[in-house]
There are 2 protein chains.
Amino acid sequence: MNTKFCVLFVVAFLVTWPCQGSHYQVFPLRMKTGYNEQYPTQVSCASWRLGVEANNLVKWKTVPAPCQEHVADYLLGDQYRSDSKTVCREAFLYAKTLNITDRDIFVFDVDETALSNLQYFANHDFGVEEHNATAFKIWVSYGEAFALPETLKLYNKLLDLGIKVVFITERPLDLKDVTVSNLKNVGFYKWEKLIARDPAIYSGKLSNAFKSSERKKLTEEGFRIVGNIGDQWSDIVGEKRGFRTFKLPNPLYYD
Amino acid sequence: MNTKFCVLFVVAFLVTWPCQGSHYQVFPLRMKTGYNEQYPTQVSCASWRLGVEANNLVKWKTVPAPCQEHVADYLLGDQYRSDSKTVCREAFLYAKTLNITDRDIFVFDVDETALSNLQYFANHDFGVEEHNATAFKIWVSYGEAFALPETLKLYNKLLDLGIKVVFITERPLDLKDVTVSNLKNVGFYKWEKLIARDPAIYSGKLSNAFKSSERKKLTEEGFRIVGNIGDQWSDIVGEKRGFRTFKLPNPLYYD
């Protein structure tokens with residue numbers, strides 16, 4: 001072995017030696033220089049979406065304009081379906097562990113939980129456009145929303161387990177009939193109750209107050225809410241939320 | 001215009017006509033044929049991670065083995081920093097809206113909230129390896145955890161607003177001294193209280209019970225918990241959780 005080679009060997013050993021036992025040098029755990037506030041859109045839009053799902057971002061009005069493409073890609077691609085599937089699978093695995101009685105119910109929200117209004121939002125800039133209650137109501141009145149396929153699978157599995165389903169929806173009473181036929185047309189064929197918002201009782205009340213109040217009534221009638229699934233945090237927090245709750249993804253609107 | 005061209009024009013019109021007013025054909029909103037249960041790892045690992053952050057997946061023991069690379073990429077890349085930044089920015093924007101009194105506190109968790117143990121987990125398969133309490137305690141006793149840079153920024157901004165900080169940590173009392181010096185060394189230089197777990201009081205109690213109980217004591221002492229930030233859902237649910245809570249990302253472990 002000549003001297004040059006030997007020196008090279010020793011240097012190589014010294015350089016690699018401190019890395020033994022550690023595959024990753026984590027330090028420094030801080031922003032890359034030069035990024036500053038300018039994160040790439042896909043990274044910061046993914047952060048925005050995660051912030052929504054984990055209930056860190058609240059009371060937002062519209063999807064940030066630079067995130068329209070991100071939200072569209074998310075909803076039209078595999079990730080939304082896979083995310084929904086993961087939640088529904090977890091809900092089923094949980095339900096399987098229960099000792100079901102005939103007073104046990106699972107509460108389902110309707111929009112973006114059982115039914116998808118994605119076709120409407122696809123035509124309205126994927127939530128970037130400010131919400132137009134009139135246009136949305138016209139869309140709902142068509143009764144053409146699709147079933148969310150992963151929720152439909154969960155629904156069928158819960159019925160098979162002997163759990164009753166109760167729908168509680170922000171949709172007003174005058175849209176109840178079309179909601180019933182829309183749900184039935186896409187495969188949600190039976191339920192214990194379908195509770196729509198009665199404007200005479202809940203005028204001006206927040207979604208969460210309405211849903212908590214209706215869940216409370218259900219427990220007073222002797223039902224036991226073993227599970228509760230919705231796409232909004234307002235569906236699954238508050239009084240009598242259920243033994244376990246499940247949050248489906250929805251980066252389109254906050255309610 | 002010759003006949004061929006005219007026919008082509010009419011056909012082109014008929015084909016594109018149904019798409020007017022709709023940029024996206026959403027239907028069918030269901031699994032792509034052939035995918036079945038076999039989602040690409042990156043898609044299903046992203047779903048697993050989202051499920052964790054939105055509190056759908058609970059009581060899990062380890063990161064799924066096929067997701068090790070996904071979790072490592074997430075933590076060592078831009079997304080983790082950006083996700084943390086989004087949460088901390090939101091917490092600050094919220095705090096700025098408050099009318100602060102000298103009894104107002106913001107509760108901070110320590111591990112994966114103020115301090116990062118990423119170097120430890122990088123050497124232990126990014127959460128795929130079953131948690132080794134002894135090895136982790138030895139790591140903590142070195143006092144070499146880094147500051148989570150986005151949390152440190154938030155911490156300094158809250159102090160500037162006049163909000164007091166209280167740390168509540170699952171770390172046991174015998175690691176309190178090293179935790180104090182670790183926090184100070186990386187920039188968390190003052191606090192109203194630092195509450196470690198007293199095994200004599202909380203032996204066998206769940207994290208959430210310990211934290212709820214300590215938060216309750218704080219309010220009984222006259223403090224008002226205006227905010228609460230942690231990386232575990234057990235940090236931010238339960239009694240006296242705070243006026244608003246913030247969930248930092250952590251796909252490494254469930255507590």
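- Looking at an unreviewed UniProt entry, one finds chain A named Large subunit ribosomal protein L10e, with Vigna unguiculata as its source organism.
- The Function (unreviewed entry) field of the UniProt record for chain A holds the comment "May function as somatic storage protein during early seedling development."

**Some remarks on the confidence of the model for chain A**
Stage number 1. This prediction gives chain A a mean pLDDT of 90; 85% of its residues lie at or above 70.
Stage number 2. Note on residues 13–21 of chain A: pLDDT under 50 across the span, and one contact to partners over four residues away in sequence or across chains.

**Here we look at the packing of helix H2 (residues 41–53) of chain A against helix H4 (residues 78–96) of chain B**
Stage number 1. Look at H2(A) against H4(B): their axes get within 9 Å of each other, and the N-to-C directions meet at 50°. One way to sum up the angle between H2(A) and H4(B) is to call them oblique. The element H2(A) and its partner H4(B) pack so that their crossing is right-handed. Here H2(A) contributes A:Gln42, A:Val43, A:Ser44, A:Ala46, A:Ser47, A:Trp48 and A:Leu50 to the contact with H4(B), which in turn contributes B:Asp78, B:Gln79, B:Ser82, B:Asp83 and B:Thr86.

**Some points on the pattern of salt bridges**
Stage number 1. Considering all chains together, one arrives at 24 salt bridges over all chains under this definition.
Stage number 2. Taking the shortest distance from any N to any O, the salt bridge between B:Arg244 and B:Glu90 comes out at 3.9 Å. Of the two residues, B:Arg244 sits in strand S7 (residues 244–247) while B:Glu90 sits in helix H4, which places them 154 residues apart along the sequence. Neither B:Arg244 nor B:Glu90 differs from the other in exposure class; each is buried.
Stage number 3. B:Lys137 is paired through a salt bridge with B:Asp174; the nearest N and O atoms lie 3.0 Å apart. Pair noted here: B:Lys137 is in helix H6 (residues 133–142) and B:Asp174 is in the loop between strand S4 (164–172) and helix H8 (176–185), with a separation of 37 residues, a long-range link.
Stage number 4. Shared partners join several salt bridges into a network, and the residues in it are A:Asp109, A:Lys211 and A:Asp235.

**As for H2(A)**
Residues and elements named next belong to chain A.
Stage number 1. Helix length check: H2, at 13 residues, gives a terminal C-alpha distance of 18 Å against a target of 18 Å (1.5 Å per residue), a fit within 8%.
Stage number 2. For H2, a buried count of ten out of 13 residues is recorded, marking the element as mostly surrounded by other parts of the structure.
Stage number 3. Asn 55 lies just past H2 and shows a positive phi near 65°.

**Concerning the nonpolar core**
Stage number 1. Judged by nonpolar contacts, the single largest core of 111 residues is most densely connected at A:Phe167 and B:Phe167.
Stage number 2. Among residues more than four places away in sequence, those in contact with A:Phe167 are A:Phe108, A:Asp109, A:Val110, A:Ala114, A:Tyr155, A:Leu183, A:Phe188, A:Trp191, A:Lys193, A:Leu194 and A:Ile195.

**Considerations on the state of the cysteines**
All names here are of chain B.
Stage number 1. As enumerated under the stated definition, the model contains two disulfides over all chains in all.
Stage number 2. Between the sulfur of Cys 45 and that of Cys 67 lies a disulfide, 2.1 Å long from S to S. Handedness of the Cys 45-Cys 67 disulfide follows from its S-S torsion of about -85°: it is left-handed. Here Cys 45 is found in helix H2 (residues 41–53), whereas its partner Cys 67 is found in the loop between H2 and helix H3 (68–76), with 22 residues between them in sequence. The pair Cys 45 / Cys 67 is uniform in exposure class, with both members buried.

**A look at the sheet that holds S7(B)**
All names here are of chain B.
Stage number 1. Ordered by their spatial adjacency, five strands build an open sheet running S5-S4-S1-S6-S7, and the pairing between neighbours is parallel. On the outer flanks of this sheet lie strand S5 (193–197) and S7, each paired with one strand and no other. Shown here is a sheet whose adjacent strand axes are inclined to one another by a mean of 20°, direction ignored.
Stage number 2. Taken strand by strand, helix H7 (residues 149–161) contacts strand S1 (104–108), S4 and strand S6 (224–230), and its axis lies near 170° from that of S1.

About the criteria used
- Per-chain numbering applies: the sequence of each chain, read as written, is numbered from 1 onward.
- Here the convention is simple: chains get letters from A, ligands get numbers from 1, in the order in which they are written.
- Restriction of local features to residues with pLDDT of at least 70 applies here, the model being predicted, together with a cutoff of 80 or more for giving and counting side-chain atom pairs; totals for whole chains, interfaces and linings are based on all residues.
- The side-chain values count all of the structure's non-hydrogen atoms but skip hydrogen atoms and water molecules.
- UniProt positions are given in the numbering used here, feature names are shortened, and annotations may be inferred rather than shown by experiment.
- Think of pLDDT as the predictor's per-residue confidence, scored from 0 to 100.
- The contact criterion used throughout is that any non-hydrogen atoms of two residues lie within 4.5 Å.
- Axes here refer to lines fitted to C-alpha atoms; in helices the fit is confined to the stretch in contact. Angles between the N-to-C directions go from 0 to 180 degrees.
- A helix here means a DSSP run of H or I that spans at least four residues, while a strand means a run of E at least two residues long, and both kinds are numbered starting from the N terminus.
- Each angle is binned into one of four classes, with values under 35 degrees roughly parallel, values over 145 roughly antiparallel, values of 65 to 115 roughly perpendicular, and all other values oblique.
- Two helices crossing with the near one rotated counterclockwise from the far one by less than a right angle form a left-handed crossing, whereas a clockwise rotation gives a right-handed crossing.
- When a carboxyl oxygen of Asp or Glu lies within 4 Å of a side-chain nitrogen of Lys or Arg, that pair is called a salt bridge.
- Throughout this description, buried means an accessible area under 20% of the type-specific maximum (1.4 Å probe, protein chains only), exposed means over 50%, and partly exposed covers the range between.
- A helix is expected to span 1.5 Å for every residue after the first.
- Remark: nonpolar core denotes a set of buried residues (Ala, Val, Leu, Ile, Met, Phe, Trp, Tyr, Cys) joined through side-chain atoms within 4.5 Å.
- Two cysteine sulfur atoms form a disulfide, by the criterion used here, when they sit within 2.5 Å.
- At least two bridges found by DSSP between two strands are what make those strands a pair.

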